[in-house]
Amino acid sequence: MKGRATIVLDIGKTLAKLSLWSPDGVLIERRVRPNERIRTAGYAALDTAGIEAWAVEVLRYFATLADVGAIVPVGHGAGAAIIRGDHLACPPLDYEEALPADLRTAYAAERDAFAETGSPALPDGLNLGAQLFRLERRDPTLAHGTQIVPWAQYWSWLLSGVAASEVTSLGCHTDLWNPIAGMPSGLAEGHGWAERLAPLRTAGDILGTLRPEWVFRTGLPADTEIHCGLHDS
């Protein structure tokens with residue numbers, strides 16, 4: 001919002017960062033947290049709970065420093081959340097978790113050509129489609145009644161309650177996006193992921209305002225606008 005401070009919530013792989021900016025673009029305060037790799041549900045996962053608890057504390061502090069009008073989430077491109085209703089359907093997979101050899105072979109046979117997606121074949125879970133492939137082979141129920149949101153948009157959903165997808169996240173070596181056609185890839189269509197991707201929005205779109213529970217937890221204004229956000233590169 002014009003005349004009010006902006007918070008950037010930047011959830012990278014190694015570090016989570018929160019920064020507070022004045023209306024004229026001057027850094028007011030910054031906090032950083034090293035991210036941990038947790039083991040849960042039989043695989044290495046991103047530490048959503050730890051990052052969230054840290055973010056609450058920092059946002060509560062930022063609320064005492066300035067009149068905040070907006071939050072812009074940023075995240076790395078090799079992460080996604082599968083949500084069901086108002087909660088995570090499973091812990092988001094850590095992209096450094098190696099894909100079992102049999103699943104790697106099966107996935108490689110199905111992924112689209114580089115010419116369609118611009119996504120090179122990358123190791124472990126760096127292609128987001130490989131993560132979804134693994135998770136749904138492990139638990140087929142994830143393919144039903146769920147939505148898929150990229151990592152940056154997981155945080156905008158958590159803060160606003162509005163699920164979205166965004167092209168800089170989907171187009172980042174995910175195997176899920178055809179940038180020339182401006183639509184999901186054949187792989188994403190074939191596995192039903194395309195229809196489960198949250199609605200496409202632009203990075204600067206305002207998804208809504210801060211959820212009441214986050215207003216209570218952080219002390220930030222109830223009219224704080226939550227932007228869709230974007231990939232960190």
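Residues numbered from 1 in each chain as written. Predicted model: local features only at pLDDT ≥ 70, side-chain atom pairs only at ≥ 80, totals over all residues. Heavy atoms only, no water.

Engineer: Which residues make up the overall build of the protein chain, and what are the values?
Structural biologist: Secondary structure summary: the protein chain contains 9 helices and 16 strands in total. For the protein chain, the C-alpha radius of gyration of 18 Å lies close to 17 Å, the compact-globule estimate for 233 residues. In terms of overall dimensions, the protein chain has C-alpha extents of about 55 × 35 × 30 Å along its principal axes. Within the protein chain, residue pairs in contact and separated by at least 24 positions form 69% of the contacts whose partners lie at least 6 positions apart. Of the roughly 9900 Å² of accessible surface on the protein chain, a fraction of 57% belongs to carbon and sulfur atoms. Measuring between centres, the 20 positive side-chain charges of the protein chain sit 4 Å from its 28 negative side-chain charges. (Helix = DSSP H or I, 4+ residues; strand = E, 2+ residues; numbered from the N terminus. Rg over C-alpha atoms; globule rule 2.2 N^0.38 Å. Contact = heavy atoms within 4.5 Å. Areas by Shrake-Rupley, 256 points an atom, 1.4 Å probe, with all protein chains shown as cover. Lys, Arg positive; Asp, Glu negative; His and termini not counted. Charge placed at Lys NZ, Arg CZ, Asp CG, Glu CD.)

Engineer: An account of helix α4 (residues 128–138) is needed here, citing residue identities and associated values.
Structural biologist: Side chains of residues three or four places apart in an α-helix project in the same direction, reflecting 3.6 residues per turn. In terms of burial, α4 is a largely internal element, 9 of the 11 residues being buried. Every buried residue of α4 is accounted for by Leu128, Gly129, Ala130, Gln131, Leu132, Phe133, Arg134, Leu135 and Glu136. Where the residues of α4 are buried, they touch β5 (43–46), β7 (80–84), α2 (101–110), β9 (147–150) and α8 (193–196). (Buried < 20%, exposed > 50% of the residue type's maximum accessible area, 1.4 Å probe, protein only.)

Engineer: Outline the packing of aromatic side chains, listing residues and values.
Structural biologist: If you walk through the whole model with that rule in mind, you get 6 aromatic pairs. Ring plane angle 55° and centroid distance 5.4 Å describe the contact between Tyr107 and Phe133, whose orientation is recorded as tilted. With Tyr107 in helix α2 and Phe133 in helix α4, the pair connects residues that are 26 residues apart, well separated along the chain. Taken as a pair, Tyr107 and Phe133 share a single burial class, namely buried. The ring of Tyr95 has Lys13 sitting right over it, with the charged end atom 5.2 Å from the ring centre. Looking at Arg217, its charged tip hangs above the ring of Trp214, at a distance of 4.7 Å from the centre. (Phe/Tyr/Trp six-rings, centres within 6.5 Å; stacked < 30°, edge-to-face > 60°. Lys NZ or Arg CZ within 6 Å of the ring centre and 35° of its normal.)

Engineer: Report on a nonpolar patch on the surface, specifying residues and quantitative values.
Structural biologist: Taken together, the side chains of Ile28, Tyr61 and Leu65 present a nonpolar region at the surface, about 230 Å² in accessible area. Residue classification places Tyr61 among the partly exposed positions, given a relative accessible area of 32%. (Patch = residues over 30% accessible without salt bridge, like charges linked within 9 Å, V, L, I, M, F, W, Y side chains within 5 Å. Salt bridge = Lys/Arg side-chain N within 4 Å of Asp/Glu carboxyl O.)

Engineer: How would you summarise the sheet that holds strand β8 (residues 87–88) if you had to cite specific residues and measurements?
Structural biologist: If you trace the 3 strands from one edge of the open sheet to the other, you get β8-β7-β9, paired in antiparallel fashion. Strand pairing shows two members of the sheet lacking a second neighbour, β8 and β9, which therefore form its edges. Note: β7 against β8, 2 bridges, orientation antiparallel. Looking across to β8, one finds that Ile83 is bridged to Leu88. Where helix α5 (residues 151–160) meets the sheet, its contacts fall on β7, β8 and β9, and the angle it forms with β9 comes to roughly 110°. (Pairing = 2+ DSSP bridges. Axes fitted to C-alpha atoms, helices over the stretch in contact; angles between N-to-C directions.)

Engineer: Mind laying out α5, listing which residues take part and the relevant values?
Structural biologist: Across the 10 residues of α5, 10 count as buried, placing the element largely inside the fold. Inspection of α5 places Trp151, Ala152, Gln153, Tyr154, Trp155, Ser156, Trp157, Leu158, Leu159 and Ser160 among the buried residues, and these make up the whole buried set.

Engineer: Explain the pattern of salt bridges to me, using residue names and the numbers behind them.
Structural biologist: Tallied over the entire structure, the rule returns 17 salt bridges. The salt bridge partner of Asp205 is Arg201, with a shortest N-O separation of 3.1 Å. Classification of Asp205 by relative accessible area gives partly exposed; the value is 25%. Residue classification places Arg201 among the partly exposed positions, given a relative accessible area of 29%. Of the charged contacts, one joins Glu213 and Arg211 as a salt bridge, the two residues approaching to 3.8 Å between their closest N and O atoms. The partly exposed category is assigned to Glu213, whose relative accessible area is 44%. You can call Arg211 buried: its relative accessible area is 14%. The network of salt bridges with shared partners includes Lys13, Arg37, Arg39, Asp94, Glu96, Glu97 and Arg134.

Just distances and angles here, no functional claims.
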